[in-house]
Amino acid sequence: MGSEEEKMQLHFSPSMRSITISSSSNGFVDLMKIKVAARHISYRTLFHTILILAFLLPFVFILTAVVTLEGVNKCSSFDCLGRRLGPKLLGRGDNSGQRLVKDFYKVLNQVSTEEIPDGLKLPESFSQLVSEMRNKKYSTKEFALIMKGMMERSEREIRESKFAELMNKHFAASSIPKGIHCLSLRLTDEYSSNAHARRQLPSPELLPMLSNNSYYHFIVSTDNILAASVVVTSAVQSFLKPEKIVFHVITDKKTYAGMHSWFALNPVSKAIVEVKGVHQFDWLTRENVPVLEAVENHNSIRNYYHGNHIAGANLSEITPRIFASKLQARSPKSSQRLQFKSVEDLVRDFLFPNLDKVVFLDDDIVVQRDLSPLWEIDLGGKVNGAVETCKGDDEWVMSKRFRNYFNFSHPLIAKNLNPDECAWAYGMNIFDLRAWRRTNIRSTYHAWLKENLKSNLTMWKLGTLPPALIAFKGHVRAIDPHWHMLGLGYQNNTKIENVQKAAVIHYNGQSKPWLQIGFEHLRPFWSKYVNYSNEFISNCHILE
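As recorded by an unreviewed UniProt entry, the protein chain carries the name Hexosyltransferase and is attributed to Rhododendron griersonianum. The protein chain has a UniProt comment under Sequence similarities (unreviewed entry) that states "Belongs to the glycosyltransferase 8 family." As stated in UniProt under Subcellular location (unreviewed entry), the record for the protein chain gives "Golgi apparatus membrane".

Written as structure tokens, this is what we have:
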């Protein structure tokens, strides 16, 4: 079947007096010569004739191929071919080919509802399948079952490899790169041995500026020294008046010495930087921040963030996209960020009682524009100025509503929230602290955290944003999306032109720019603010 080839050629004589049709098959050549009458043929008639032939010849070729593939009678002449094709062209041929296709569809529909037999041995490759077809006489049903089994096996293997890829990426994102760990250790050692690394930040004469509302105050909570340096450096280089910037960097106890050393030994030109460790706040107690005790002691929290991420997960009923979201939320970093945010929601009462407006920045952002106009935005009495994440061209990044974060089968969630309500982004937010002090956001935040703990984390399982979405409900003012572009940590196809236009770009997601799994085409927007000539960075071989 398919071993013989037929070729047809159409030749016009130079004088256009004759047309020769040749057909070759298995080395035999048939000729058909048609003489054209000597009368004058107009070019228009000739053109229409050629046009009609050009339209009909493809159908003739297809029908010829069908005849050849059917292989019932081997035609080697145009006479035979005409007898075979004539009825088909006139619509009077038998429909055995159509019946064959219909029968095959019927078998496929039947097999689609059947299970693959346990004892059915599937070929390991397509070439093996072809080889077995030559040696064995498969029925149509047997062939269909084999094809179904091979396809199901391939789909299963692809799915398993995708989940394995997501798990490996999760572990890579949760780990601390060797270079960044080295940087923290070296700077911590420098703090203990170098008096300059321990100098007061900021210098005494600048202390009044820490509560001066004529300055632009930023708050960054992080334990990543390199990331903090990029945030500060990018903001200073992007501001029109960097001498009016004040950075309040909040870190944990283990990172405090190294973080302080970095900014003491590498002062940022003109800007003011303050470094504080959470252990230095005497008001940071379980009474003021009740969620801290819950985070430290609740077994569900410990198992959720540090347990087996595969156990209990039915991978056959979950998509890779949802699985990736769950892994990101279950990163141990999320537990730490939960504690940082518990600190952040107290700044209005304890740390910055005299400030009117502040901008909170995540440590995985880069500032590309002057952000001073943020302080001029009228929030209309609202507390939080943020970019909404339910509107935009990017269907993956900008399609988040409450239904994406909360379990609406839980009665408390269904009663208090609207699944269609638009979510907003955390990572670059302007807060009106005067308006915040008149609300119960803090108590609402902690109350919902406790409810989720009591419900064994069944109200939401997507990290630290959901309780903030509830606490700030009714207190958010949407700001222009150009202020804050998201998704650079999980959206590989992010458009470079959009990145260049954004005021702040956010590498939210697993592919952080300081990790090897970061996207190479997006990393330069972050790495250009890293001082690779710095002694500590070069000695630790950051991103080499």
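This part is about the packing of aromatic side chains. How two aromatic rings sit relative to each other is given by the distance of their centres and the angle of their planes. Counted by the stated rule, this structure contains 14 aromatic pairs. Where phenylalanine 218 meets phenylalanine 247, the ring centres are 5.0 Å apart and the plane angle is 20°; that geometry is what we call stacked. Of this pair, phenylalanine 218 sits in strand E4 (residues 216-221) while phenylalanine 247 sits in strand E5 (residues 245-251), and the two are 29 residues apart along the sequence. Across the pair, phenylalanine 247 and phenylalanine 218 agree in class, each one buried. One aromatic cluster is present, built from ring pairs that chain together Tyr216, Phe218, Phe239, Phe247 and Trp375. A cation over a ring is seen here: lysine 244 above tyrosine 215, with NZ or CZ 4.3 Å from the ring centre.

With that settled, the discussion passes to the pairing of strand E7 (residues 357-361). With 5 of its 5 residues buried, E7 lies for the most part within the structure. Both faces of E7 are covered, namely the face carrying Lys357, Val359 and Leu361 and the face carrying Val358 and Phe360. Bridge analysis of E4 against E7 gives 3 bridges, and the strand direction is parallel. Along E7, the bridge assignment pairs isoleucine 219 with phenylalanine 360. Relative to strand E10 (residues 428-432), E7 runs antiparallel, the two being bridged by 5 bridges. Bridge pairing links leucine 361 to methionine 428 in E10.

Across its 14 residues, helix H7 (residues 225-238) extends 20 Å between first and last C-alpha, which sits within 8% of the 20 Å expected from 1.5 Å per residue. Listing the buried residues of H7 in full gives Ile225, Leu226, Ala227, Ala228, Ser229, Val230, Val231, Val232, Ser234, Ala235, Val236 and Ser238. With a side-chain oxygen lying 3.2 Å from the backbone nitrogen of leucine 226, the N-terminal cap of H7 falls on asparagine 224.

Here the focus is the environment of glycine 392. Residue placement: glycine 392 occurs in the loop between strand E9 (384-386) and helix H13 (411-416). Each C-alpha atom of the pair glycine 392 and proline 481 lies 8.6 Å from the other, and the pair is 89 residues apart in sequence.

Cis geometry is found at the peptide bond from leucine 201 to proline 202, where omega equals -10°. Tracing the backbone through its elements, the reader meets proline 202 in the loop between helix H6 (178-193) and E4. Unlike most non-glycine residues, lysine 270 shows phi in positive territory, near 75°. Tracing the chain through its elements places lysine 270 in the loop between helix H8 (253-265) and strand E6 (272-277). A positive phi is found at histidine 541, a non-glycine position, where the angle reads about 55°.

This next bit is on the pattern of salt bridges. In this structure the tally under the stated criterion is 11 salt bridges. One salt bridge connects aspartate 223 with lysine 254, and the closest N-O pair in it is separated by 3.7 Å. Here aspartate 223 is found in the loop between E4 and H7, whereas its partner lysine 254 is found in helix H8, with 31 residues between them in sequence. Since its relative accessible area comes to 17%, aspartate 223 is described here as buried. Between arginine 523 and glutamate 520 there is a salt bridge, with its nearest N and O atoms 2.7 Å apart. Residue arginine 523 is classed as buried on the basis of its relative accessible area of 9%. Taken together, the salt bridges that share partners define one network made up of Asp223, Asp252 and Lys254.

Read from one edge of the open sheet, 7 strands run E6-E5-E4-E7-E10-E9-E11, paired in mixed fashion. Where the open sheet ends on each side, the last strands, each with one partner, are E6 and strand E11 (476-478). Within this sheet the neighbouring strands show an average axis-to-axis angle of 25°, counted without direction. In this fold H7 packs onto E4, E5, E6 and E7, with an angle of close to 170° to the strand it touches most, E5. Set on the sheet, H8 makes contact with E5 and E6; between it and E6 the angle comes to about 160°.

Let's shift gears to the state of the cysteines. Throughout the structure, instances matching the rule amount to 2 disulfides. Paired through a disulfide, cysteine 182 and cysteine 540 show a sulfur-sulfur distance of 2.1 Å. Classification of the bridge connecting cysteine 182 and cysteine 540 rests on its S-S torsion, roughly -70°, and on that basis the disulfide is left-handed. With cysteine 182 in helix H6 and cysteine 540 in the segment after helix H19 (535-539), the pair connects residues that are 358 residues apart, well separated along the chain. The pair cysteine 182 / cysteine 540 is uniform in exposure class, with both members buried. Residue pairing for cysteine 390: its cysteine sulfur links by disulfide to cysteine 422, the two sulfurs lying 2.0 Å apart. Taking the torsion about the sulfur-sulfur bond, which here is approximately -105°, the covalent link between cysteine 390 and cysteine 422 counts as left-handed. Within this pair, whereas cysteine 390 is found in the loop between E9 and H13, its partner cysteine 422 is found in the loop between H13 and E10, the two being separated by 32 residues in sequence. In this pair, the class of cysteine 390 matches that of cysteine 422, namely buried.

Attention now moves to the environment of valine 504. Locating valine 504 in the fold gives a position in strand E12 (residues 504-506). Setting aside residues no more than four positions away along its own chain, valine 504 makes contact with Ile365, Val366, Val367, Leu371, Met428, His482, Trp483, His484 and Met485.

Conventions used here
- Residues numbered from 1 in each chain as written.
- Predicted model: local features only at pLDDT ≥ 70, side-chain atom pairs only at ≥ 80, totals over all residues.
- Heavy atoms only, no water.
- UniProt positions renumbered as here; feature names shortened; annotations may be inferred.
- Phe/Tyr/Trp six-rings, centres within 6.5 Å; stacked < 30°, edge-to-face > 60°.
- Helix = DSSP H or I, 4+ residues; strand = E, 2+ residues; numbered from the N terminus.
- Buried < 20%, exposed > 50% of the residue type's maximum accessible area, 1.4 Å probe, protein only.
- Lys NZ or Arg CZ within 6 Å of the ring centre and 35° of its normal.
- Pairing = 2+ DSSP bridges.
- Expected span 1.5 Å × (residues − 1).
- Polar contact = N/O pair within 3.5 Å; in protein donor to acceptor, adjacent residues only side chain to side chain.
- Salt bridge = Lys/Arg side-chain N within 4 Å of Asp/Glu carboxyl O.
- Axes fitted to C-alpha atoms, helices over the stretch in contact; angles between N-to-C directions.
- Contact = heavy atoms within 4.5 Å.
- Disulfide = S-S within 2.5 Å.

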